[in-house]
Amino acid sequence: PSTCRACNGRGEIRMQQGRAREAIALARTAIAEAEPVEELEALAHAYTALDGSYQLLGQPEKAVHERLALDIYTRLGNARLAGIYGLNVGVQAYADGKWDEAAELYARAREDCLRAGDRPHAAHLASSLAELLIGRGQLDEAERLLVDARRVLRASSFNAYAIFAEIQLAR
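Residues numbered from 1 in each chain as written. Predicted model: local features only at pLDDT ≥ 70, side-chain atom pairs only at ≥ 80, totals over all residues. Heavy atoms only, no water.

> Tell me about the packing of helix H4 (residues 66–76) against helix H5 (residues 79–95), and please be specific about residues and values.
Contact pair H4 / H5: the axes reach a minimum separation of 8 Å and the direction vectors enclose 160 degrees. Regarding the angle of H4 to H5, the classification is roughly antiparallel. Considering only the axes of H4 and H5, their crossing is left-handed. For the pair formed by H4 and H5, the contact residues are Glu66, Arg67, Ala69, Leu70, Tyr73 and Thr74 on the first element and Leu81, Ala82, Tyr85, Gly86, Asn88 and Val89 on the second. (Axes fitted to C-alpha atoms, helices over the stretch in contact; angles between N-to-C directions. Helix = DSSP H or I, 4+ residues; strand = E, 2+ residues; numbered from the N terminus. Parallel < 35°, antiparallel > 145°, perpendicular 65-115°, else oblique. Left-handed = near helix turned anticlockwise from the far one by under 90°. Contact = heavy atoms within 4.5 Å.)

> Mind laying out the nonpolar core, listing which residues take part and the relevant values?
With 47 residues, the main nonpolar core has Leu43 and Tyr106 as its most contacted residues. Of all the secondary-structure elements, those providing two or more residues to this core are helix H2 (20–37), helix H3 (40–56), H4, H5, helix H6 (99–115), helix H7 (119–135), helix H8 (139–155) and helix H9 (159–170). If sequence neighbours within four positions are ignored, leucine 43 has contacts with Ile31, Ala34, Glu35 and Ile72. (Core = buried A, V, L, I, M, F, W, Y, C linked by side-chain atoms within 4.5 Å. Buried < 20%, exposed > 50% of the residue type's maximum accessible area, 1.4 Å probe, protein only.)

> Please set out unusual backbone geometry residue by residue, giving values where relevant.
In this structure, glutamate 38 is a non-glycine residue whose phi angle is positive, near 55 degrees. Here glutamate 38 shows up in the loop between H2 and H3. Notably, serine 157 is not glycine yet its phi reads approximately 60 degrees, a positive angle. By the element assignment, serine 157 lies in the loop between H8 and H9. Take serine 157: its relative accessible area is 53%, and that puts it in the exposed class.

> I'd love a proper account of the confidence of the model for the chain, names of residues and values included.
Residue-level pLDDT values for the chain average 93, and 96% of them are 70 or greater. Per-element mean pLDDT across the chain ranges from 91 in helix H1 (residues 10–16) up to 98 in H6. (pLDDT = per-residue confidence, 0-100.)

> Describe the pattern of salt bridges, listing the residues and the values that go with them.
Summed over all chains, the structure comprises 10 salt bridges. Between arginine 14 and glutamate 22 there is a salt bridge; the shortest N-O distance is 3.2 Å. Residue class for arginine 14 comes out partly exposed when judged on its relative accessible area of 23%. Note on glutamate 22: relative accessible area 36%, which makes it partly exposed. Residues joined by salt bridges that share partners form a network here, namely Arg14, Arg19 and Glu22. (Salt bridge = Lys/Arg side-chain N within 4 Å of Asp/Glu carboxyl O.)

> How would you summarise the packing of aromatic side chains if you had to cite specific residues and measurements?
This structure, assessed with the given rule, holds 3 aromatic pairs. Their ring planes at 35 degrees and their centres at 5.2 Å tell us that tyrosine 73 and tyrosine 85 sit as a pair that is tilted. With a gap of 12 residues between them, tyrosine 73 in helix H4 and tyrosine 85 in helix H5 connect regions that are remote in the sequence. Here the two residues tyrosine 73 and tyrosine 85 agree in accessibility, since each one is buried. For the pair tyrosine 94 and tryptophan 99, a centre-to-centre distance of 5.3 Å together with 15 degrees between the ring planes defines the contact as stacked. Here tryptophan 99 falls in the partly exposed class, since its relative accessible area comes to 27%. (Phe/Tyr/Trp six-rings, centres within 6.5 Å; stacked < 30°, edge-to-face > 60°.)

> Tell me about the side chain of glutamate 12, and name the residues and values.
In this structure, glutamate 12 sits in helix H1. Despite being buried, glutamate 12 has no salt bridge partner; arginine 10 is the closest side chain of opposite charge, sitting 11 Å away. Contacts of glutamate 12, omitting those with residues within four sequence positions, involve His45, Thr48 and Ala49. (Lys, Arg positive; Asp, Glu negative; His and termini not counted.)

Next comes the structure, spelled out in structure tokens:
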């Protein structure tokens, strides 16, 4: 159990409720309390709340903490969460025009999800990588990734991600 009072995920809850300013305050308090006692998972949640809240406020340039959460889950050996956070960081790199970095993050995150047995998230990562490959004109490799991703996503009832794969395949 966590030894710090603010490390109970309230910041993430407020962020999910759209209460970004409250979430930022709670996340900063959680970070201040979690860092000295090395509550790594609490830090990861607080970093997520910060970045999500900055995104909600239209301040994406301040959303730089999720990479720290990725590092934490990698250090803890939690391949599934490292994969999911790798996807989030990869999406940001892609949006920033850092395509080489995004491709590396997507590939590593996909391997993490596969290692953890999380095929649906691995398939979504394959779709994200394929989107990037399509932009680069690497259509055969993108199609190979998308055909399998679409099958897995449909079978897993990850409908929104299956539609994303369909859209990329249509491109």
